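Chains, contacts and geometry: an overview
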Amino acid sequence: MRGLRLLLVVMAIGTFLGGCSESGSRLQDMVDPGTPPDPDPDPDPDPDPGPEPQPIDVLFAPVVEAADASVVDNLLIIIGDRDGRLFAYEKGVFPEEEAILTASAAKILSGATLYRLVEDGVLSLDDQPQDYLDFWTDDPADVRSRITLRHLLGFTSGFDATPVLSPGCVSNPFITLQECAKRYHDEGVEAEPGEIFYYGPAHLQIAAAMAEVATGLPYTEIFETVTAAPLGMTDTEFQSPSRTNPRAAGGAVSSPNDYEKLLRALLAEQFLPDLEAFAVDRTADVIFGSRPQVTGITGTDWHYATGVWIECDTPRFSDACLDQPTISSPGAFGWTPWIDMANDYYAMVAMREFAFLDQVIAEEGVRLEQELQPLIETALRSLRAQGGAVAFAPRRQLDLDLCRGGDTWQIMAPRPDGKRAYGDPPRQAQCAQDAVR
């Protein structure tokens, strides 16, 4: 009996040990599954890193070559996007802080300023001169009573262009802007409003006179308050032929560095909330009675927006020219600023020349602009491809209301018609730097 019990114990222990041996084998297999497979003898090579990024001066070298080939000895080229300047080149001597007369490049300054008053509700595109100017006729039978601010900003009010050698009241330093506007009124118009485009100074001079009454400020102070101070433009002002009768279409002095601030603010929609609304074609259904004849754009059909040209490089203007257009404001002294919405950049050719009647100088800015545009587009594509610039940076809005609530702006009580009027602000622009968000 005792031997039987011993035998059973031995058998039980054997069974237990056998099971443990099987479990231990499975556990060992889990911990040590065996020799791993050999690695791939031919792994994929690292991707090609591509060409080395090109420096800015290399990318824009063709721009420099074009500038050096220009007949103008002293000029400055500035190129930038919404985030600021990308490239600049000075040929000869033209310090970017030097302020000189800009001629018709001042039109975009006035156009933007007056359109800002429209955005603010101080003026309306449907306003008429007689709403503000006591001397303006309101006789329905008189075509002058049918002129609107929209016509004036688009140069389709019916006032004819004034010959260069007889520039009229806009060159008279001894009268006021209001007196100049009255002289234009008394001389009369050449066409029904909205029918013919005439490239001349009367339109913006009358619009500026309306703005003076609407705001209670002289035009020089309107520009300073609405545009220059918020954007930090300290070298730019309307002073020719005088501060009492500034030529709204061409009497501003500016420095390239200062002027650039407006171009960037417009492109980034920091100054006007809708750049395309500012650049709308205001000459779509009109006859062109007069526009500058420039050799560099012969065979093209440019239209007009709000103190700026809408460039169109085809013989006939089409809707394609309005799809993210290029707008520009060339001046007789060679200043040619432009904003290319399709390629998201601004640029300017500024010339340090004072040849008033030199047609070569007057046309060279536009000719050079046209030559530079494809070169700049090529450089920007390369720059953005290598990560040197953002193709479409987020737009930021310049909150001018913050400025108006601070030391830079003083808002008067709304007028009975509900429109706002501006008080006389001190000269300072720090608020604008704090308002960009």
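Before reading further, recall that the structure is shown in the block above.
Keep in mind it's a predicted model, so treat the numbers as computed, not measured. Every chain begins its residue count from 1, and numbering advances along the sequence as written. Residue-level local features of this predicted model are given only where pLDDT is at least 70; pairs of side-chain atoms are given and counted only at 80 or more, and the full residue set underlies all totals for whole chains, interfaces and linings. Each side-chain value is worked out from all heavy atoms of the structure, with water and hydrogens disregarded.

What about the sheet that holds strand β3 (residues 100-101)?
In this analysis, strands are considered paired if DSSP registers two or more bridges between them. Secondary structure is summarised from DSSP: a helix means a run of H or I of at least four residues, a strand means a run of E of at least two, and numbering begins at the N terminus for each. Spatial strand order, β3-β6-β5: 3 strands in an open sheet with antiparallel pairing. The open sheet has two free edges, formed respectively by β3 and β5 (237-238), since each of these has just one partner strand. For β5 and strand β6 (residues 252-254), the ladder comprises 2 bridges, and the chain directions are antiparallel. Paired with Glu237 across the two strands is Val253, which belongs to β6.

Describing helix α8 (residues 219-231)
In an α-helix, one turn spans 3.6 residues; hence positions three or four apart end up facing the same way. Multiplying one less than the number of residues by 1.5 Å gives the expected span of a helix. Here α8 contains 13 residues, and its C-alpha end-to-end distance of 17 Å stays within 8% of the 18 Å for a straight helix at 1.5 Å per residue. The quantity called bend is, for any residue, the angle between two axes fitted respectively to the seven residues ending at it and the seven beginning at it. Its axis deflected by about 40 degrees at Thr225, α8 carries its strongest bend there. Burial status follows relative accessibility: with a 1.4 Å probe on protein chains alone, a residue under 20% of its type maximum counts as buried, one over 50% as exposed, and anything between as partly exposed. By the criterion of burial, α8 is predominantly enclosed, with 13 of the 13 residues buried. Of the residues flanking the end of α8, it is Gly232, one or two places downstream, whose phi is positive at about 75 degrees.

So, the nonpolar core
As used here, the term nonpolar core means buried Ala, Val, Leu, Ile, Met, Phe, Trp, Tyr and Cys residues forming a set that is joined through side-chain atoms within 4.5 Å. Counting residues in each nonpolar core, the largest one holds 86 residues, and the members touching the most others are Leu109, Leu262, Leu266, Phe271 and Phe278. Throughout, a contact is declared for two residues whenever any of their heavy atoms are within 4.5 Å. Excluding residues within four positions of it along the chain, Leu262 makes contact with Ile108, Leu109, Ala112, Thr227, Leu231, Met233 and Phe271. Leu59, Leu75, Phe87 and Ala347 belong to the second-largest nonpolar core, a separate cluster that totals 25 residues.

Brief notes about the state of the cysteines
Note on terminology: disulfide denotes any pair of cysteine sulfur atoms within 2.5 Å. Enumeration according to the criterion identifies 2 disulfides in this entry. The residue that forms a disulfide with Cys169 is Cys180, at a sulfur-sulfur distance of 2.0 Å. One quick way to see it: the torsion about the S-S bond of Cys169 and Cys180 is about 70 degrees, and its sign makes the bridge right-handed. Taken together, the positions of Cys169 in the loop between α5 (149-153) and α6 (177-187) and Cys180 in helix α6 put the pair 11 residues apart, joining distant regions of the chain. For the residue pair Cys169 and Cys180, the accessibility class agrees, reading buried in each case. Paired through a disulfide, Cys312 and Cys321 show a sulfur-sulfur distance of 1.8 Å. The same class applies to Cys312 as to Cys321, namely buried.

Description of the pattern of salt bridges
Pairing between side chains of opposite charge can happen when the charged atoms of each approach one another. Criterion for a salt bridge: a side-chain nitrogen of Lys or Arg within 4 Å of a carboxyl oxygen of Asp or Glu. This structure, assessed with the given rule, holds 15 salt bridges. With a shortest N-O distance of 3.6 Å, Arg243 and Glu221 are connected by a salt bridge. Within this pair, whereas Arg243 is found in the loop between β5 and β6, its partner Glu221 is found in helix α8, the two being separated by 22 residues in sequence. Judged by relative accessible area, Glu221 falls into the buried class, the value being 16%. Connected via shared salt-bridge partners are Arg85, Glu96 and Glu260.

Some points on the sheet that holds strand β2 (residues 84-91)
Taking strand neighbours across the sheet as the criterion, the 7 strands line up as β2-β1-β12-β11-β10-β9-β8 in an open arrangement whose pairing is antiparallel. Both outer strands of the open sheet, β2 and β8 (303-304), are each paired with one neighbouring strand and no more. Note that strand β11 (residues 336-340) and strand β12 (residues 345-351) share 5 bridges and pair antiparallel. Counted as the bridge partner of Thr336 is Val349 from β12. Helix-sheet contacts for helix α3 (residues 61-68) involve β1 (75-81) and β2, and the interaxial angle to β2 is about 35 degrees. The convention used is that axes are lines fitted to C-alpha atoms, helices contributing only their stretch in contact, and that angles between N-to-C directions extend from 0 to 180 degrees.

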